[in-house]
Amino acid sequence: MKQFGYILTLYLMLFVHPMLMAKDWTATDIPMVHLQDARRYVCDPEQLMDAAIRDSTDVYAHRLEKECGIETVWVVVSNVENGDVFRVAQDIGNKAGVGNKKTDRGLVVVIAVGDRKYFIAPGEGLEGDLTDAECDDIGRACIVKNMRQGNVSLAVLSTAKAVYSKFRTGKTGIESKADADDDGVGAMIFLIALIAFWIYSVLRNGNRGGGRGGRGRTGGWGPIIWGNPGHLNDHSFGGGFSGGSFGGGSFGGGGAGGGW
Amino acid sequence: MKNKTLWILVAVLVVVGMWAFSGYNGMVDKEEEATTALSNVQAAYQRRADMMPQLAKIVKAYAKHERETFEQVTKARNAATQIHLDASNLTPEKLKQYEAAQNQVAQAFSRLIAVSERYPELKASENFKSLQIQEEGTENRINEARRKFNESVQAYNQTVRHFPNSMLAGIFGFNKMAKFEAASGAENAPDLDI
């Protein structure tokens, strides 16, 4: 049994990992993580992003869905088929049906690190609120700027922040250089605050253990911070993640892209 | 015995009727999808036509001497906006005529944007840059709308041509629809890399 484990690990290291690395991804073979885990939105099959920053991006994407009604998919891969990030973004949007079917408010962001290209594609219902020019502004300020410094994690996170800011406040917040320079520090502070708050919530709930008649309390603030769509009021939540779904939205070719 | 035959006949008629009902509705749905996709194509082309006066106005402010280019733009735009596609009478010839007119618009657009090469101030203008981004988006939308139209027409044509649907299609007049064909360079967006 142990031997089988070693062989499997060796096989995965020798064959599967290099295959993933060398792959030209298409819309059909990029794993949609949101369908497996409703709290995740960033598809990073090659693990190009820093895990903590990816989680932070997931938090912003979750907020976009819950607070603004915008379903998003974020794709970070080395290469896409024919280097055509536009095609991949459109196909993901249309085939997965990102965004509510009635409102078509979906958003797909594709970054192909090896191809040095990106595309920000809003769904048909979002094109009026997130114009091509705004997509271009966000792309240049968040993706191009960070990718030129080789920081893919920050490229994705700052894009998520800009889009979230746009729909919460009406402004992307990318005009301010000081704010843009603060991205790394801001993300770190945000993460530390999240972790501290989560630990505090766990300890607080743990101390309340007695006197509730045997009903385990696992709700609290945890799901709100980490995201738990559809289960925010579910007091028996726990024991595995539930898969999410997309609403059947459609994409008509809007948005903007470029390279660095 | 007579009753049994009658019942069998009725049952056969009911089955045929249900098949015809379902087949007819299926063809209507596919035709509607193709018609909607055609409207989206025309809307995307119209979006480009609507952008032209705006772009021409900005270019004119910096490059007054490019009279010939402006005349070509106006001519191409006027010619293109006069041709409309009717989903109920969509022939390959009409599609080609429509495409040819739209290609003239695309070329005129390219020339208009190429003018900026000779006028650095125009090239640096924020309004011009913004319109250029919008134009790129519009070309993407046009290509996407054409692709979706072709896909929906393919689905419709397959439905009406497959046997036994083809019999119903013949009776109810569901004819094969024409698709956009990629003429040389027609599917490409104008080169805006300036």
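Report on the accompanying structure. Note that the structure is predicted; figures quoted are calculated from it, not measured. (Residues numbered from 1 in each chain as written. Chains lettered and ligands numbered in written order. Predicted model: local features only at pLDDT ≥ 70, side-chain atom pairs only at ≥ 80, totals over all residues. Heavy atoms only, no water.)

Observations concerning the overall build of chain B
Counting secondary structure elements, chain B contains six helices and zero strands. A globule of 194 residues ought to have a C-alpha radius of gyration of about 16 Å, yet chain B, at 24 Å, is considerably larger. If one aligns the C-alpha atoms of chain B with their principal axes, the spans along those axes are about 95 × 25 × 25 Å. Among the 194 residues that make up chain B, the fraction classed as buried is 38%. (Helix = DSSP H or I, 4+ residues; strand = E, 2+ residues; numbered from the N terminus. Rg over C-alpha atoms; globule rule 2.2 N^0.38 Å. Buried < 20%, exposed > 50% of the residue type's maximum accessible area, 1.4 Å probe, protein only.)

Considering helix α5 (residues 132-148) of chain A
Bending of α5 of chain A peaks at approximately 35° at the position of Gly139 of chain A. When we look at burial in α5 of chain A, the residues that qualify are Asp132, Ala133, Cys135, Asp136, Ile138, Gly139, Cys142, Ile143, Val144, Asn146 and Met147 of chain A. Check the buried side of α5 of chain A and you find it contacts β5 (106-112), β6 (117-122), α6 (152-169) and β7 (256-259) of chain A together with α1 (2-62) and α5 (126-161) of chain B. (Bend = angle between axes of the 7 residues up to and from the residue. Contact = heavy atoms within 4.5 Å.)

Digging into the sheet that holds β6 of chain A
Remark on secondary structure: sheet strands pair via backbone hydrogen bonds, oriented parallel or antiparallel. Residues and elements named next belong to chain A. With mixed pairing, the five strands of this open sheet are ordered in space as β2-β3-β5-β6-β7. Because the sheet does not close on itself, it has two edges, and the strands there are β2 (42-43) and β7. Pairing analysis gives two bridges linking β2 to strand β3 (residues 71-77), with the strands arranged parallel. The residue bridging Val42 from the neighbouring strand is Trp74, located in β3. Across the sheet, α6 is in contact with β3, β5 and β6; its angle to β3 comes to roughly 165°. (Pairing = 2+ DSSP bridges. Axes fitted to C-alpha atoms, helices over the stretch in contact; angles between N-to-C directions.)

These figures capture arrangement, not role.
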